[in-house]
Amino acid sequence: MKKIICCPRECLPERLENEALYCSMFSSSGLDGVGHTALQLPSAVQKSQLSPSVQAWDFAVIASAVAAADKAILRKHSPDGWTREINLDVSLSAPDIWNKKRSDLEKMLRFLTGDFWSLEFSSGGVKPPKVKEPMMGNADCVCLLSGGIDSLVGAIDLTAIGMKPLFVSHVVRGDKDAQSRFASVLRGSDHHFQWSFTTKHLGISENSTRARSMIFFAFATLAVSAVQTTNKQPVDIYVPENGFISLNVPLGPGRLGSLSTKTTHPFFMNMLQEIWNDVGIPARLILPYLHQTKGEMLQKCQDIKKLIRLVGHSTSCGRYQRNKLTHCGTCIPCLVRRATFLKADLPDSTVNGYIKDKLSHSDSVDVSAAAMAYLRYKDEGIHRFTTGSLTFAPYSDHEKYERIVARGLDEIGRFLSHQGIL
């Protein structure tokens with residue numbers, strides 16, 4: 001089991017354990033062999049005029065430490081080449097609150113990343129930022145804005161019905177301009193928090209990053225302090241993600257279990273919500289499109305004119321950064337994206353197009369996997385296809401989830417037929 005210790009610079013011991021990895025929280029230690037994480041977050045939160053609660057701030061600390069550990073420990077060094085055992089010690093402002101939830105957090109992270117986590121929470125953590133005049137705008141909810149199609153549709157729909165969302169973005173290379181463009185058109189830059197997360201450690205970084213969604217949700221909890229609700233009701237945090245991707249049913253045996261991401265999976269979201277409720281984070285996670293496919297989201301968008309104006313600047317590709325900020329056209333997110341435009345009968349205005357526009361079976365394993373998944377679903381039926389993937393839900397809910405998966409596969413199948421693959 002690999003041990004990682006995340007604490008403020010002043011809490012680092014004089015003698016470092018040889019077998020442990022150390023990470024200085026929110027500041028560089030200046031010491032050899034010690035990494036750092038989330039350097040700019042406290043100043044970014046202060047600049048945004050936020051005074052988050054201790055619970056929300058400690059959750060952001062935990063999320064930062066988890067994301068740092070996720071990148072620092074390579075899966076290939078584990079016995080099976082994937083599943084890691086991670087012992088994470090994090091310094092918090094109020095550790096007693098979180099020590100009561102350790103078991104629940106460990107189970108949640110186990111589901112999210114596929115690893116075995118052992119968490120320890122110690123005192124001495126960085127205190128939450130405070131400002132003299134906290135921001136109190138006219139926002140009535142928080143909405144995650146990633147720069148993808150789903151988050152764009154969610155932002156458009158909320159503003160179209162008269163709601164006043166505060167947009168929160170996790171900046172990664174290639175998405176910043178799209179996030180800014182969407183927020184500026186829909187609500188203005190003063191209703192948009194755009195924060196980044198960086199971590200530095202010795203050696204090569206793990207690329208699977210199954211824990212990355214923790215940062216996004218942590219940013220959302222920090223933004224909650226800027227939203228006023230009546231009668232101290234929880235602040236709604238909208239997570240615009242289509243149900244087909246949220247469920248992320250494996251398209252083949254090579255994507256079983258934690259090999260498929262569970263960033264917005266309903267089981268993970270329910271676990272996260274229960275933890276927030278128990279520790280006193282006044283926020284309510286809402287997945288408004290859990291029962292829609294991506295194509296249906298586009299079809300039902302509340303302002304088609306704005307959608308057509310902006311959607312070409314959205315990003316979906318799983319290899320976008322590696323491909324010099326161009327969509328590959330062949331990964332699963334690209335296939336779903338391209339199928340979406342076809343389903344909604346809208347022109348695909350993706351900026352710079354796709355590296356591979358016309359597809360063939362030999363283009364990628366994802367194209368073959370998608371084709372085989374569609375044919376298997378048509379041959380065996382959706383119930384056989386989803387077997388084992390819906391055990392998280394009551395049996396009475398299985399049919400509605402199966403319908404979402406079936407409609408999502410139908411969209412992909414239609415696109416592949418259009419391409420001459422089927």
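Predicted, not measured: the structure shown is a model, and the values here were computed from it.

Asker: Looking at this model, I keep getting lost on the overall build of the protein. Mind explaining?
Answerer: Check the secondary structure of the protein and you find 15 helices and eleven strands. Against the 2.2 N^0.38 benchmark of 22 Å for 422 residues, the protein shows a C-alpha radius of gyration of 21 Å, consistent with a compact globule. Here the C-alpha coordinates of the protein stretch approximately 65 × 50 × 45 Å along the principal axes. Expressed as a percentage of its 422 residues, the buried residues of the protein come to 56%.

Asker: So what exactly am I meant to see when it comes to the environment of Phe267 here?
Answerer: In this fold, Phe267 is placed in helix H9 (residues 266–279). Between the C-alpha atoms of Phe267 and Met108, which are 159 residues apart in sequence, the distance is 8.9 Å. If we skip the residues at most four places from it in the chain, Phe267 touches Phe111 and Phe392.

Asker: Explain the nonpolar core here, please?
Answerer: Nonpolar side chains tend to gather and get buried jointly when the protein is soluble and globular. Core analysis: the largest hydrophobic core is formed by 101 residues, its most contacted members being Leu88, Trp98 and Ile237. Looking at which element gives the most residues to this core, the answer is helix H2 (residues 54–72), with 13 residues. In terms of nonpolar packing, the next biggest core, distinct from the first, is built from 31 residues, Ile149, Val153, Tyr238 and Tyr289 among them.

Asker: Even after reading the chapter, I still don't get the pairing of strand S7 (residues 165–171), so can you show me in this structure?
Answerer: Walk down a regular strand and you will see the side chains alternate between the two sheet faces. Within S7, seven of the seven residues are buried, which leaves the element mostly enclosed by the surrounding structure. Burial along S7 is two-sided: Pro165, Phe167, Ser169 and Val171 and Leu166, Val168 and His170, pointing in opposite directions, are all buried. In this sheet, S7 lies alongside strand S6 (residues 141–144) in parallel orientation, the contact comprising four bridges. Residue pairing across strands places Cys143 opposite Phe167, the latter belonging to S7. As a crossover connection, the stretch from S6 through helix H5 (residues 149–160) into S7 is right-handed. Here S7 pairs with strand S8 (residues 192–196) via five bridges, running parallel. Within S8, the residue paired with Phe167 across the bridge is His192. Since S7 and S8 lie parallel, the crossover through helix H6 (residues 176–186) that links them has a hand, and here it is right-handed.

Asker: Before we go on, may I ask you to explain the sheet that holds S7 in this structure?
Answerer: Sheet strands line up and pair through hydrogen bonds in the backbone, either parallel or antiparallel. If you trace the five strands from one edge of the open sheet to the other, you get S8-S7-S6-S10-S11, paired in parallel fashion. The open sheet is flanked by S8 and strand S11 (283–286), the only strands paired with a single partner. With direction set aside, neighbouring strand axes in the sheet form an average angle of 25°. Pairing of S6 with strand S10 (residues 235–238) involves two bridges; the strand directions are parallel. Looking across to S10, one finds that Cys143 is bridged to Tyr238. Here H9 sits on the sheet and contacts S10 and S11; the angle it forms with S11, its principal contact strand, is near 170°.

Asker: Is there a simple way to think about the environment of Tyr320 in this case?
Answerer: Of note, Tyr320 is situated in the loop between helix H11 (304–310) and helix H12 (332–344). A relative accessible area of 15% means that Tyr320 is categorised as buried. Once the C-alpha coordinates of Tyr320 and Arg376 are considered, the two residues, 56 residues apart in sequence, prove to be 29 Å apart. Apart from residues no more than four positions distant in its own chain, Tyr320 is found in contact with Gly174, Thr315, Leu325, Thr326 and His327.

Asker: Got a minute to help me understand the packing of helix H4 (residues 102–113) against H9 in this structure?
Answerer: How two helices sit against one another is set out by the angle between their axes and by the gap between those axes. Between H4 and H9, the least distance of the axes is 10 Å, while the angle of their chain directions is 160°. The orientation of H4 relative to H9 falls into the category roughly antiparallel. Read as a crossing pair, H4 and H9 show a hand that is left-handed. Of the residues in H9, those touching H4 at Asp104, Leu105, Lys107, Met108, Phe111 and Leu112 are Phe267, Phe268, Met271, Leu272 and Ile275. A breakdown of the residues in the contact of H4 with H9 according to their chemical character gives nine nonpolar, no polar and two charged.

Asker: What should I look at first to understand the state of the cysteines in this one?
Answerer: Put plainly, two cysteines are in a disulfide when a covalent bond ties their sulfur atoms together. Taken as a whole and assessed by the stated rule, the structure comprises zero disulfides. Here Cys331 stays free of any disulfide, with the sulfur of Cys328 as its closest cysteine sulfur at 3.6 Å. Taking the relative accessible area as the measure of exposure, Cys331 reaches 3% and is therefore buried. In this structure Cys334 is not part of a disulfide, and its nearest cysteine sulfur, from Cys317, lies 3.7 Å away.

What counts, and where the lines are drawn
Residues numbered from 1 in each chain as written. Predicted model: local features only at pLDDT ≥ 70, side-chain atom pairs only at ≥ 80, totals over all residues. Heavy atoms only, no water. Helix = DSSP H or I, 4+ residues; strand = E, 2+ residues; numbered from the N terminus. Rg over C-alpha atoms; globule rule 2.2 N^0.38 Å. Buried < 20%, exposed > 50% of the residue type's maximum accessible area, 1.4 Å probe, protein only. Contact = heavy atoms within 4.5 Å. Core = buried A, V, L, I, M, F, W, Y, C linked by side-chain atoms within 4.5 Å. Pairing = 2+ DSSP bridges. Right-handed = clockwise from strand over helix to strand, strands pointing away. Axes fitted to C-alpha atoms, helices over the stretch in contact; angles between N-to-C directions. Parallel < 35°, antiparallel > 145°, perpendicular 65-115°, else oblique. Left-handed = near helix turned anticlockwise from the far one by under 90°. Nonpolar A, V, L, I, M, F, W, Y, C, P; charged D, E, K, R; others polar. Disulfide = S-S within 2.5 Å.

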